[in-house]
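# Topology and contacts: notes
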Amino acid sequence: MKARVTVTLKTGVLDPQGKAIEGALRSLGVEGVASVRQGKVFDIEIAGDDKHAAEAALKAASEKLLANMVVENFSIELL
Amino acid sequence: MKAAIILFPGSNREGDAARALRQAGASVSIVWHAEHELPNGTDLVVLPGGFSYGDYLRCGAIAGRAHAMDAVRAHAARGGLVLGICNGFQILCESGLLPGVLMRNRDLRFICKRQHLRVERNDTAFTRAYAPHQAIEVAIAHGEGNYEAHEETIRQLEGEGRVAFRYCDANGLVGDAANPNGSTNHIAGIYSENLNVLGMMPHPENFIDPLVGGIDGRGLFESLFHKAA
């Protein structure tokens, strides 16, 4: 089973990388970009096909390692 | 005093930390991160600077979950001393031994320079050799040293006197002009609740020999030695 975990910065947390990318897009002449926040995507292959077990494993993975809960949120998708 | 320096893949300041500790009179052992236990009688654990695991995922994230960190947590819970410098501070935050997180520097640049710090209090095991509010000159070398935490956590740290060092100028003046990385409240280092765990971004171990331009870092290691002697 394929899964995707997306980790993003919480609202209000300063994101200097996102800001730099935002500035670069502006200097490239890309129109209509109001703001950019940078995050991370993890594509994970889950063994077995138990969806509940997969979700539990992905939640544990996100909370224990993939996201720093002080400044980041995560979302889980089973694909 | 017996000090154990935890070595992770990508640590690179363990030699300097060992030199500073030995100069202050400590006996030092280097402990590989996969060990489950610290050497018997360890008084102080040091997490050295460097780039553990190449800063993959987040600085200190993978090292913070190493086997040796369980032993470090147990040591800290017993009241044992722990010092995390630079990447070591990031590891302490990631391991949950200290609150908050070290974010990218405000200006996105890796900063490597001399930096003054104000010693916020001199009644802890780490700072007793300094004068109160003394401005010491050490070095910083980091890309992610911008300390952030929940407002509530910052209030708690400030209220409980757990800010160890703040960035300042040569006269000890704290403010935006002397803050190299955008750190909240100009925080350069913090203590745990019981003041036995210290995490700091700057490198006191760089400044222990007049040959390299200063000895202001010695006080920290001498403080530790006198405490545990």
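First, a word on scope: everything that follows refers to the structure included in this document. All figures in this text were calculated on a predicted structure; none of them were measured in a lab.

### Some thoughts on the interface of chain A and chain B
Contacts between chain A and chain B engage eight residues on the former and 12 residues on the latter. Among the elements that take part in the side of chain A that touches chain B, helix 1 (residues 16-27) of chain A stands out by supplying three residues, more than any other. Tallied by class, the residues present in the side of chain A that touches chain B amount to six nonpolar, two polar and no charged.

### Describing the pairing of strand 6 (residues 111-119) of chain B
Residue and element names in this part refer to chain B. Where strand 6 meets strand 7 (residues 135-142), eight bridges bridge the pair, whose relative direction is antiparallel. Residue pairing across strands places Leu117 opposite Ile136, the latter belonging to strand 7. The sheet contact formed by strand 6 and strand 9 (residues 163-168) spans four bridges and is antiparallel. Paired with Leu117 across the strands is Tyr167, a residue of strand 9.

### Overview of the environment of Ser35 of chain A
Residues and elements named next belong to chain A. Here Ser35 is to be found in the loop between helix 1 and strand 2 (40-45). C-beta crowding within 10 Å serves as the criterion here: with 9 such atoms nearby, Ser35 is assigned to the exposed category. For the pair Ser35 and Glu22, spaced 13 residues apart in sequence, the C-alpha to C-alpha distance is 6.0 Å.

### Examining the sheet that holds strand 3 (residues 44-47) of chain B
Residues and elements named next belong to chain B. Strand order in the open sheet made by the nine strands is 2-1-3-4-11-10-9-6-7, with mixed pairing throughout. Looking at strand neighbours, the two that pair on one side only are strand 2 (27-32) and strand 7, the edges of this open sheet. Ignoring strand direction, the axes of neighbouring strands in this sheet form an average angle of 25 degrees. Two strands pair when backbone bridges link them, and strand 1 (residues 2-7) and strand 2 are joined in this way by six bridges, in the parallel orientation. What sits directly across from Ala4, in strand 2, is Ser29. Packing of helix 1 (residues 14-23) onto the sheet brings it into contact with strand 1, strand 2, strand 3 and strand 4 (81-85), and relative to strand 1 it is tilted by some 175 degrees.

Reading the values: rules and limits
- Residues numbered from 1 in each chain as written.
- Chains lettered and ligands numbered in written order.
- Predicted model: local features only at pLDDT ≥ 70, side-chain atom pairs only at ≥ 80, totals over all residues.
- Contact = placed C-beta atoms within 7 Å.
- Helix = DSSP H or I, 4+ residues; strand = E, 2+ residues; numbered from the N terminus.
- Nonpolar A, V, L, I, M, F, W, Y, C, P; charged D, E, K, R; others polar.
- Pairing = 2+ DSSP bridges.
- Buried ≥ 20, exposed ≤ 12 C-beta atoms within 10 Å, placed from the backbone.
- Axes fitted to C-alpha atoms, helices over the stretch in contact; angles between N-to-C directions.

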